[in-house]
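# Residue-level structure breakdown
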Amino acid sequence: AQKVTQAQTEISVVEKEDVTLDCVYETRDTTYYLFWYKQPPSGELVFLIRRNSFDEQNEISGRYSWNFQKSTSSFNFTITASQVVDSAVYFCALRGLDKLIFGTGTLLAVQP
Amino acid sequence: DVKVTQSSRYLVKRTGEKVFLECVQDMDHENMFWYRQDPGLGLRLIYFSYDVKMKEKGDIPEGYSVSREKKERFSLILESASTNQTSMYLCASRVSGVNGELFFGEGSRLTVL
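The shown structure was predicted, so the numbers you read here are calculated from the model rather than taken from an experiment. (Residues numbered from 1 in each chain as written. Chains lettered and ligands numbered in written order. Predicted model: local features only at pLDDT ≥ 70, side-chain atom pairs only at ≥ 80, totals over all residues. Heavy atoms only, no water.)

## Concerning the overall build of chain A
- Each helix and strand in chain A was counted, giving zero helices and 12 strands.
- Helices (α) and strands (β) of chain A occur, in sequence order from the N terminus, as β-β-β-β-β-β-β-β-β-β-β-β.
- Along the first, second and third principal axes, the C-alpha set of chain A runs to 45 × 25 × 20 Å.
- Considering chain A as a whole, with its 112 residues, one finds that 44% of them fall into the buried category.
- Considering only contacts within chain A whose residues lie at least 6 apart along the sequence, 56% involve residues at least 24 apart.
- When the accessible surface of chain A is totalled, it reaches about 5500 Å², and 49% of it is carbon and sulfur.
- Where the 10 positive side-chain charges of chain A centre and where its 13 negative ones centre are 5 Å apart. (Helix = DSSP H or I, 4+ residues; strand = E, 2+ residues; numbered from the N terminus. Buried < 20%, exposed > 50% of the residue type's maximum accessible area, 1.4 Å probe, protein only. Contact = heavy atoms within 4.5 Å. Areas by Shrake-Rupley, 256 points an atom, 1.4 Å probe, with all protein chains shown as cover. Lys, Arg positive; Asp, Glu negative; His and termini not counted. Charge placed at Lys NZ, Arg CZ, Asp CG, Glu CD.)

## Overview of the side chain of Lys38 of chain A
All names here are of chain A.
- Mapped onto the elements, Lys38 comes out in strand β5 (residues 33-39).
- Asp86 is the oppositely charged side chain nearest to the buried, salt-bridge-free Lys38, at an N-O distance of 4.5 Å.
- Here Val85 takes part through its backbone oxygen, which lies 3.1 Å from a polar atom of the side chain of Lys38. (Salt bridge = Lys/Arg side-chain N within 4 Å of Asp/Glu carboxyl O. Polar contact = N/O pair within 3.5 Å; in protein donor to acceptor, adjacent residues only side chain to side chain.)

## Remarks on the interface of chain B and chain A
- Counting residues at the interface gives 19 residues for chain B, matched by 17 residues for chain A.
- Here chain B and chain A share two salt bridges between them.
- At the level of elements, β5 (31-38), β6 (42-49) and β10 (87-94) of chain B are the ones that each hand at least two residues to the side of chain B that touches chain A.
- Across the side of chain B that touches chain A, the residue classes tally to seven nonpolar, seven polar and five charged. (Nonpolar A, V, L, I, M, F, W, Y, C, P; charged D, E, K, R; others polar.)

## Some remarks on the nonpolar core
- Counting residues in hydrophobic clusters, the biggest one holds 24 residues, and the most contacted among them are Trp36, Phe77, Tyr90 and Leu108 of chain A.
- Elements with a minimum of two residues in this core: β2 (10-14), β3 (19-21), β5, β8 (64-69), β9 (74-79), β10 (88-95) and β12 (106-111) of chain A.
- Among the elements that make up this core, the one with the highest residue count is β10 of chain A (four residues).
- Setting aside its immediate chain neighbours within four residues, Leu108 of chain A contacts Ile11, Val13, Val19, Ile79, Asp86, Ser87, Ala88 and Tyr90 of chain A.
- Listed in part, the 21 residues of the second largest apolar core include Val4, Trp34, Ala81 and Val112 of chain B. (Core = buried A, V, L, I, M, F, W, Y, C linked by side-chain atoms within 4.5 Å.)

## A closer look at the packing of aromatic side chains
- Within this structure, the stated rule accounts for 21 aromatic pairs over all chains.
- Ring geometry for Phe102 of chain A and Phe104 of chain B: centres 6.3 Å apart, planes at 75°, overall edge-to-face. Of this pair, Phe102 of chain A sits in strand β11 (residues 100-102) while Phe104 of chain B sits in strand β11 (residues 103-104), on two different chains.
- Between Phe33 of chain B and Tyr35 of chain B the ring centres are 6.3 Å apart and the planes differ by 25°, which places this aromatic pair in the stacked class.
- A relative accessible area of 6% means that Phe33 of chain B is categorised as buried.
- One aromatic cluster is present, built from ring pairs that chain together Phe35, Tyr37, Phe47, Phe91 and Phe102 of chain A together with Phe33, Tyr35, Phe48, Tyr50 and Phe104 of chain B. (Phe/Tyr/Trp six-rings, centres within 6.5 Å; stacked < 30°, edge-to-face > 60°.)

## Considerations on the confidence of the model for chain A
- Predicted confidence across chain A gives a mean pLDDT of 94, with 100% of residues reaching 70 or more.
- Mean pLDDT across the elements of chain A bottoms out in strand β7 (residues 59-61) of chain A (89) and peaks in β3 of chain A (98). (pLDDT = per-residue confidence, 0-100.)

## Regarding the pattern of salt bridges
- For the structure shown, the criterion picks out 13 salt bridges over all chains.
- For Arg73 of chain B, the salt bridge is made with Glu22 of chain B, and the minimal N-O distance between the two is 4.0 Å. One end of the pair, Arg73 of chain B, is in strand β9 (residues 73-78); the other, Glu22 of chain B, is in the loop between β3 (19-21) and β4 (23-25), with 51 residues separating them in the sequence.
- Linked through salt bridges whose partners overlap, the residues forming this network are Arg51, Asp55 and Glu59 of chain A.

## A short note on the environment of Gly43 of chain A
- With respect to the secondary-structure elements, Gly43 of chain A resides in the loop between β5 and β6 (46-52).
- Judged by its relative accessible area of 5%, Gly43 of chain A falls in the buried class.
- Counting along the chain gives 46 residues from Gly43 of chain A to Val89 of chain A, while the straight-line C-alpha distance between them is 9.3 Å.
- Those residues in contact with Gly43 of chain A that sit more than four places away from it in its chain are Leu90, Gly105 and Glu106 of chain B.

What follows is the structure, given as structure tokens:
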């Protein structure tokens, strides 16, 4: 069975702080894909990143970075120097051979 | 700019009413999906469609049906709305293939009284 766990329900930080959103997954598939989506207050989920199971290279995109570690089944997301515009719900998702499943999301509130 | 458009952002309906939620995408995507989002439960798949006139049940199809008569349009139907169907409904689309990312609409918040 597949499972995605986002243990942090809500995180509150002050602007310019760094913050890491955790994502732990379970799957028996050897080939799978991991995703992060952002849902701002407007409601529309926006795709941030995709990683396949054979590519453990970390990725950086501006203030965003992702750390994929198969040894711990984790795909964590770090925002450096957070801004108010980063306030949103962030979802981690896993797609194996069967279907795509989402975690329950982490609400990030960045205070000015 | 690519887009998934959901016809209604907010709806209020009465128990027993028939409800139609419409979704249109302009990206010529084969696959379309309906999710519902509830606090603490994340996104749960209701129905999806791989192509025109095709439909597959997701994880929570009970109480819902769908229609896909045209490639760009995927409708979710609540035959007889109930209060436990009060939720945020999200439509999404993507190209075929296991690794394609989803493109989402802004959601339809349905309240059933």
